[in-house]
Amino acid sequence: GEDVEQSLFLSVREGDSSVINCTYTDSSSTYLYWYKQEPGAGLQLLTYIFSNMDMKQDQRLTVLLNKKDKHLSLRIADTQTGDSAIYFCAAFLGGGYQKVTFGTGTKLQVIP
Amino acid sequence: NAGVTQTPKFQVLKTGQSMTLQCAQDMNHEYMSWYRQDPGMGLRLIHYSVGAGITDQGEVPNGYNVSRSTTEDFPLRLLSAAPSQTSVYFCATRTSGYEQYFGPGTRLTVT
């Protein structure tokens, strides 16, 4: 089955850019997501990218997809203290297949 | 439009007790899922449903039952709680597309 891996922790200074990385194993994954989880809350869909795209930009967020290496990254420009949260990468095969496979999450700490 | 709601928010059970975690959605989404979140393990799929009357197992179904009699509701039943079921449980819905919406979660402790 699909495996999705992320590093567990990232610390950045306020105003810097953050880059959170993710690797996945199933090259058939059709959709790749980034979710944000704040303490005590559910998961909020931040952005997603289709597997036929290389890059997607959405305000301060930039998603890069390297299909050859099965590597996904999320760049947050001008990181703010409100960006402190756990970020989950997830992969979905699409179609009738239901399972979304999640990574273990990367805890982003923003230092003022 | 409340989206996805879950009750209760917190629950403490003794080993062997049973309970039902409730999930309701008002978005008329076909697909509903239950996940559990454990430290260092991401989210793991317990059960899912592709529509009323249709359910199937995810990757960690043992100890849990589900049913889907309406589009709106997808309860998760723990028949005989065990300490290994201490976790945070999330319900999620999606349309036939790709955007998945999560409820706020139920934090369950089994002693």
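A brief report on the enclosed structure follows. Values in this document were obtained by computation on a predicted structure and should not be read as measured data.

1. Structural notes on the overall build of chain B
Of the regular secondary structure elements, chain B holds 0 helices and 11 strands. Counting from the amino terminus, helix and strand elements in chain B follow one another as β-β-β-β-β-β-β-β-β-β-β. For chain B, the C-alpha radius of gyration of 13 Å lies close to 13 Å, the compact-globule estimate for 111 residues. The C-alpha extent of chain B, read off along each of the three principal axes, is 40 × 25 × 25 Å. Looking at chain B as a whole, 46% of its 111 residues qualify as buried. Restricting the contact set of chain B to residue pairs at least 6 apart, pairs at least 24 apart contribute 53%. Positive and negative charge centroids in chain B, built from 8 and 8 side chains respectively, lie 11 Å apart.

2. Side note on the sheet that holds strand E1 (residues 4–6) of chain A
Residues and elements named next belong to chain A. Strand order in the open sheet made by the 5 strands is E1-E3-E8-E7-E6, with antiparallel pairing throughout. Across the chains shown, the open sheet's two edge strands, defined by having one partner strand only, are E1 and strand E6 (55–58). Sheet twist, expressed as the average angle between the axes of neighbouring strands with direction ignored, equals 15°. Pairing between E1 and strand E3 (residues 18–24): 3 bridges, direction antiparallel. What sits directly across from Gln6, in E3, is Cys22.

3. Some points on the interface of chain A and chain B
How big an interface is tends to be stated in terms of the accessible area lost upon association of its parts. On the chain B side, the residues contacting the 21 residues of chain A number 20 residues. Both faces considered, chain A and chain B share a buried interface measuring about 1,700 Å² in area, 58% of it formed by carbon and sulfur atoms. Put simply, chain A and chain B have 0 salt bridges between them. Inspection of the region where chain A meets chain B yields 1 residue pair in polar contact (both at pLDDT 80 or more). For the side of chain A that touches chain B, the per-class residue count stands at 13 nonpolar, 7 polar and 1 charged.

4. Remarks on the sheet that holds strand E8 (residues 76–78) of chain B
Residues and elements named next belong to chain B. Spatial strand order, E1-E3-E8-E7: 4 strands in an open sheet with antiparallel pairing. Edge positions in the sheet fall to strand E1 (4–7) and strand E7 (64–66), since each has one partner strand and no second. Each adjacent strand pair in this sheet contributes to an overall mean axis angle of 20°, direction not counted.

5. Regarding the pattern of salt bridges
Enumeration over the complete set of coordinates arrives at 5 salt bridges over all chains. In this structure, Arg60 of chain A engages Asp83 of chain A in a salt bridge whose closest nitrogen and oxygen atoms are separated by 2.9 Å. Note that Arg60 of chain A is positioned in the loop between E6 and strand E7 (61–66) and Asp83 of chain A in the loop between strand E8 (71–76) and strand E9 (85–92), a separation of 23 residues in sequence. In this structure, the salt-bridge partner of Asp38 of chain B is Arg44 of chain B, at a minimum N-O distance of 2.8 Å. Grouping residues by exposure puts Asp38 of chain B and Arg44 of chain B together as buried.

6. Some points on the side chain of Ser29 of chain A
Topologically, Ser29 of chain A is positioned in the loop between E3 and strand E4 (31–37). Setting aside anything within four residues of it in sequence, one finds Ser29 of chain A in contact with Glu2, Tyr24, Ser51, Ala91, Phe92 and Leu93 of chain A.

7. Observations concerning the packing of aromatic side chains
All names here are of chain B. Considering all chains together, one arrives at 12 aromatic pairs over all chains under this definition. Plain terms: the ring middles of Tyr35 and Phe102 are 5.8 Å apart, the flat faces sit at 45° to each other, and that makes the pair tilted. Placement of the pair is Tyr35 in strand E4 (residues 31–37) and Phe102 in strand E10 (residues 100–102), with a sequence separation of 67 residues. The exposure class assigned to Tyr35 is buried, which follows from its relative accessible area of 0%. In this structure Phe102 comes out as buried when scored by relative accessible area, which is 11%. The ring of Phe74 carries the charged tip of Arg68 above its face, separated from the ring centre by 6.0 Å. Lying across the ring of Tyr31, Arg94 places its NZ or CZ 4.2 Å from the centre.

8. A closer look at the state of the cysteines
Residue and element names in this part refer to chain A. Tallied over the entire structure, the rule returns 2 disulfides over all chains. Paired through a disulfide, Cys22 and Cys89 show a sulfur-sulfur distance of 2.0 Å. Judged by the torsion about the S-S bond (-65°), the Cys22/Cys89 disulfide is left-handed. With Cys22 in strand E3 and Cys89 in strand E9, this pair connects stretches of sequence that are 67 residues apart.

Conventions used here
- Residues numbered from 1 in each chain as written.
- Chains lettered and ligands numbered in written order.
- Predicted model: local features only at pLDDT ≥ 70, side-chain atom pairs only at ≥ 80, totals over all residues.
- Heavy atoms only, no water.
- Helix = DSSP H or I, 4+ residues; strand = E, 2+ residues; numbered from the N terminus.
- Rg over C-alpha atoms; globule rule 2.2 N^0.38 Å.
- Buried < 20%, exposed > 50% of the residue type's maximum accessible area, 1.4 Å probe, protein only.
- Contact = heavy atoms within 4.5 Å.
- Lys, Arg positive; Asp, Glu negative; His and termini not counted.
- Charge placed at Lys NZ, Arg CZ, Asp CG, Glu CD.
- Pairing = 2+ DSSP bridges.
- Axes fitted to C-alpha atoms, helices over the stretch in contact; angles between N-to-C directions.
- Buried area = accessible area lost by both parts, 1.4 Å probe.
- Salt bridge = Lys/Arg side-chain N within 4 Å of Asp/Glu carboxyl O.
- Polar contact = N/O pair within 3.5 Å; in protein donor to acceptor, adjacent residues only side chain to side chain.
- Nonpolar A, V, L, I, M, F, W, Y, C, P; charged D, E, K, R; others polar.
- Phe/Tyr/Trp six-rings, centres within 6.5 Å; stacked < 30°, edge-to-face > 60°.
- Lys NZ or Arg CZ within 6 Å of the ring centre and 35° of its normal.
- Disulfide = S-S within 2.5 Å.

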